[in-house]
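# Architecture and fold: a report
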Amino acid sequence: MKPNQYAGKQMMHGLKLDIFSQDGIEAIDRATMDVLSNYGIQVSDEEGLKLFEKAGCQVDQKTKMVKIPMGVVRKALASAPKTFYLYGREENRTVKQEYNGRVHWTCFGTGIQVCNYLGNGKFETRDSTDADLARCAKLCDWAEGISYFSLPVSARDWAGKGAEDVHEMLTSIENTTKHFHHIDPVGEHVEYYRDIVLAYYKGNEKLAREKPIMSMLVCPTSPLELSHNAAQVIIKGARYGIPVNVLSMAMAGGSSPVYLAGTLVTHNAEVLSGIVLSQLAHPGAPVWYGSSTTTFDLKRGTAPVGSPELGMISSAVAKLGQYYGLPTYVAGM
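What counts, and where the lines are drawn
Residues numbered from 1 in each chain as written. Predicted model: local features only at pLDDT ≥ 70, side-chain atom pairs only at ≥ 80, totals over all residues. Heavy atoms only, no water. Core = buried A, V, L, I, M, F, W, Y, C linked by side-chain atoms within 4.5 Å. Buried < 20%, exposed > 50% of the residue type's maximum accessible area, 1.4 Å probe, protein only. Helix = DSSP H or I, 4+ residues; strand = E, 2+ residues; numbered from the N terminus. Contact = heavy atoms within 4.5 Å. Expected span 1.5 Å × (residues − 1). Polar contact = N/O pair within 3.5 Å; in protein donor to acceptor, adjacent residues only side chain to side chain. Pairing = 2+ DSSP bridges.

## Remarks on the nonpolar core
- One finds Phe 52, Ile 68, Leu 272, Ile 275 and Tyr 289 to be the most contacted residues of the largest nonpolar core, which totals 83 residues.
- Looking at this core element by element, the count peaks at nine residues for helix H9 (residues 260-281).
- Not counting residues within four places of it along the chain, the set of residues in contact with Ile 275 comprises Leu 77, Val 246, Val 287, Trp 288, Tyr 289 and Leu 326.

Structure (structure tokens):
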């Protein structure tokens, strides 16, 4: 690699990892459509249930289970954009997200503690603060290898005092000119995020919708549930033009099947249900196919993000995102 270049700017020629055959990926797709149409997904949000029902899905109001026909899924995938932009506060910080496009990099969290180095090999661990978040944002603003800024630590000094997530957004965009990706959004506060973007554009609603300087990440609850918060983030993000990353965190052997193929089916059903909801709320809404799915360590009761299985799953999920023609976001290897 030449000086002043980094991995995120390079196209990898001659290196390709195909974790699926075409038959394999189609088998995962068929199994997913079977789960969505015959078993369904639980939607714990009244507005979400109404949108699914209006689209022709079978809704059980008692159990909140929604059966999504394959035609509804395919129609939603056809309307979801293959390309959208993550706008920065400076024009040269805008990042293109596209199906089958370049690889970009971001930080990830959300951590609740930081470690202070005290010298002589000693460390002090404490709760993270708003000031820590500001320092992280400034560091990532400087770092060329990071394409946009995801919430890395939480402002725990705001916990219980007010809208912690809103303060985290404001602190982030004040301290980086890069696009801000909120990975801990609250459905009831999405209007506040929109108002901050609107204020940045001096009340110009057209610019706020067309060039949002923030996006959101939301997780279905494994196995197979769109919670009230997840549904509201997806619906409001779609309606306000805020890109939404629908990201499953299924755990093989914990909240999903121990076999990785089965986990991929669970993961796929969860993410596709969120993508369908976004397109029902506003056709053409920008959305990622996301993953931080990994295995579950049965001995220690943890979800190791550094495990080989996460790398395998992320490779598979990247292929699924390409299969569906969507910009894709996966946890690092």
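Additional details are given in the paragraphs that follow.
## Some thoughts on helix H8 (residues 228-240)
- When the terminal C-alpha atoms of H8 are compared, their 18 Å separation across 13 residues agrees well with the 18 Å that a helix rising 1.5 Å per residue should span.
- Listing the buried residues of H8 in full gives Ala 230, Ala 231, Gln 232, Val 233, Ile 234, Ile 235, Lys 236, Gly 237 and Ala 238.
- Backbone geometry just downstream of H8 places Gly 241 in the positive-phi region, at approximately 80°.

## Description of the side chain of Glu 225
- Relative to the helices and strands, Glu 225 is located in strand E11 (residues 225-226).
- At a separation of 2.7 Å, a polar atom in the side chain of Glu 225 contacts the side chain of Ser 44.
- With near-sequence residues (within four places) excluded, Glu 225 lies in contact with Ile 41, Gln 42, Ser 44 and Pro 220.

## What to know about the pairing of strand E4 (residues 83-86)
- The alternating pattern of E4 places Phe 84 and Leu 86 on a buried face and Thr 83 and Tyr 85 on a face that is not buried.
- Pairing of E4 with strand E5 (residues 95-98), which is carried by four bridges, proceeds in the antiparallel orientation. Following the sheet pairing, Tyr 85 is matched in E5 by Lys 96.

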